[in-house]
Amino acid sequence: MKIETKAIHAGDRKADPARPGAFIPVTTPIYAAASFIYESTAQLDRVLGGEEEGYCYSRYDNPTNAALEELMASLENGHGALACSSGMTAIHIALLAALSDRRKSIVAASALYGATTSLLGKVLEPLGIEVQFVDICDLEQVRRKIEEHKPGCVLMETISNPLLRVGQMDRIAELARASGAALVVDNTFATPLLVRPLELGAHMVVHSVTKFLAGHGDVLGGIIVSDEEHHAITRNLCRTAGPVLGPFESYLTMRGIKTFAVRMERHCANACRVASWLGSHPRVAKVHYLADPAHPDAATIRRLLPEGLYGAIVTVEVKDAGKEDVFRFMDRLKLVVRATSLGDVHSVILYPVIASHRDVAPKQRERMGIHDGLVRLCVGIEAVDDIIADLEQALA
Ligand SMILES: Cc1ncc(COP(=O)(O)O)c(C=O)c1O
């Protein structure tokens, strides 16, 4: 089935095995139960021992979470998935699973979500895990780093934040596999509608489902989708470490995912229009968007992404603007929401200088191309003319 159909049907409508012939709910209910009982102790023993399918304790497994996990495994074409309490937990557990029987060393993209960089530097490095950063869009540099450091894991994002760079994931997967490393991909910005990393050779894919998948700004959650080998490792890790998502959040996430493909198409179409409008605005110095034929990774984008689906994020450099000008522009917006996060139905704007790159020294920020006039817009699914009108009056 096509991904749009899977998004609506996968994981749902399970019959209750204890009551054959009874009704089947059209959507999976919220199973707000910490543990589950059986007719006999012998059956509980079989379920606990893994000889019979079933649920015993919600830290191990829960029917609402299982439905979401089946859905996500289907969307990403993975062997299995695990729902976690946040995107960060999903990344943390995926990295631990990737390194479980490999060298405790990670080669990571230098442009990562800020909290992921902190996780590597402030949590994993102090535990003795070696971390090396690499320009993930420079394949030669990636090859050299992998040869030099023989990492247990390579970590990258499909589309980087906020400058929207796209690495050659399939080639990086080949390099990682040839050296025995696991490739972990954060696919949050792309979603499985644009790119499915496991099909390109990655071992594990993680999402902050908080963003486009749940899509309505009301859930915090994460998911790990893996191949067979890594799913088994991740499942054991999750059962012990207990990073599970609550069943209510699982339910909301599934409800969001049913419409994620149509929402994503509209996000992409609106973003394309907004990017091209901004590109010709006299107050705009530069627009970063994946549809731009002059994008530094244009060849990779054409090769790995479907035509016309270039994501919702548009990064804009306001001409000659300092922090005060950017604050003034953002404060004038009436429709576009000033907030952290992205991927919601509403358009949202964020200033990296005070958010993702707050702790980066100004000179280093400049070197990274994060100028003082740079803002990140996640274009929502409102009528695009209304979004443009709001940006126009605020820029004016
Ligand atoms: C690309 C990316 N990965 C991971 C995360 C972390 O997700 P969460 O906030 O759900 O923990 C975020 C959050 O903004 C993100 O943008």
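> Before we move on, can you summarise the overall build of the protein with the specific residues and values?
Secondary structure summary: the protein contains 15 helices and 12 strands in total. Whereas a compact globule of 396 residues would reach a radius of gyration of roughly 21 Å, the protein reaches 22 Å, a difference of no more than 12%. Intrachain contacts of the protein at a sequence separation of at least 6 include 73% that bridge at least 24 residues. Surface summary for the protein: the accessible area is close to 17600 Å², and the carbon and sulfur share equals 53%. In the protein, 42 side chains carry a positive charge and 48 a negative one; their mean positions are 3 Å apart.

> Describe in detail the packing of helix α11 (residues 260-279) against helix α15 (residues 384-395), supporting the description with residues and values.
Any two packed helices are characterised by the angle at which their axes cross and by the distance between the axes. Contact geometry of α11 with α15 gives a least axis separation of 10 Å together with a crossing angle of 30 degrees. Overall, the two elements α11 and α15 adopt an arrangement that is roughly parallel. As for how α11 packs across α15, the hand of that crossing is right-handed. Counted together, Asn270, Arg273, Val274, Trp277 and Leu278 of α11 and Val384, Asp385, Ile387, Ile388, Leu391, Glu392 and Leu395 of α15 form the full contact between these two elements.

> Can you tell me about the pairing of strand β7 (residues 222-226), naming the residues and giving the values?
Across the five residues of β7, five count as buried, placing the element largely inside the fold. A two-sided burial pattern is seen for β7, the buried positions comprising Gly222, Ile224 and Ser226 on one face and Ile223 and Val225 on the other. The sheet contact formed by strand β1 (residues 80-84) and β7 spans five bridges and is antiparallel. In the strand pairing of β7, Leu82 is matched with Ile224.

> Explain the environment of Gly242 to me, and be specific about the residues and the numbers.
Here Gly242 shows up in the loop between α9 (228-241) and α10 (247-257). For Gly242, a relative accessible area of 29% gives the class partly exposed. Residue contacts for Gly242: discarding those within four places in its chain leaves Arg59 and Leu237.

> Explain the sheet that holds β7 to me, using residue names and the numbers behind them.
Spatially, seven strands are ordered β1-β7-β6-β5-β4-β2-β3 in an open sheet, and the strand pairing comes out mixed. In the strand order of this sheet, the two ends are held by β1 and β3 (130-134), each with one partner. Ignoring which end each strand starts from, the neighbouring axes of this sheet average 20 degrees apart. Along the sheet, helix α3 (residues 63-75) makes contact with β1, β6 (204-208) and β7, crossing β1 at roughly 125 degrees. Here α9 sits on the sheet and contacts β1, β5 (182-186), β6 and β7; the angle it forms with β1, its principal contact strand, is near 30 degrees.

> Lay out the environment of Glu382 with the relevant residues and their values.
Summarising the element assignment, Glu382 is placed in the loop between β12 (374-378) and α15. Exposure remark for Glu382: the relative accessible area of 19% places this residue in the buried category. With 37 residues separating them along the chain, Glu382 and Val345 place their C-alpha atoms 7.5 Å apart. Contacts of Glu382, omitting those with residues within four sequence positions, involve Arg266, Asn270, Val345, His346, Ser347 and Ile387.

> Hey, could you go over unusual backbone geometry for me, with residue numbers and the actual values?
Residue Pro162 follows Asn161 across a cis peptide bond; omega there is 0 degrees. Its place among the elements puts Pro162 in the loop between β4 (153-157) and α7 (169-178). One non-glycine residue, Arg13, adopts positive backbone phi at about 60 degrees. In this structure, Arg13 sits in the loop between α1 (3-9) and α2 (41-48). With a relative accessible area of 37%, Arg13 lands in the partly exposed category. Positioned with a positive phi, Lys150 is a non-glycine residue whose angle comes to about 40 degrees.

Procedures and definitions
Residues numbered from 1 in each chain as written. Predicted model: local features only at pLDDT ≥ 70, side-chain atom pairs only at ≥ 80, totals over all residues. Heavy atoms only, no water. Helix = DSSP H or I, 4+ residues; strand = E, 2+ residues; numbered from the N terminus. Rg over C-alpha atoms; globule rule 2.2 N^0.38 Å. Contact = heavy atoms within 4.5 Å. Areas by Shrake-Rupley, 256 points an atom, 1.4 Å probe, with all protein chains shown as cover. Lys, Arg positive; Asp, Glu negative; His and termini not counted. Charge placed at Lys NZ, Arg CZ, Asp CG, Glu CD. Axes fitted to C-alpha atoms, helices over the stretch in contact; angles between N-to-C directions. Parallel < 35°, antiparallel > 145°, perpendicular 65-115°, else oblique. Left-handed = near helix turned anticlockwise from the far one by under 90°. Buried < 20%, exposed > 50% of the residue type's maximum accessible area, 1.4 Å probe, protein only. Pairing = 2+ DSSP bridges.

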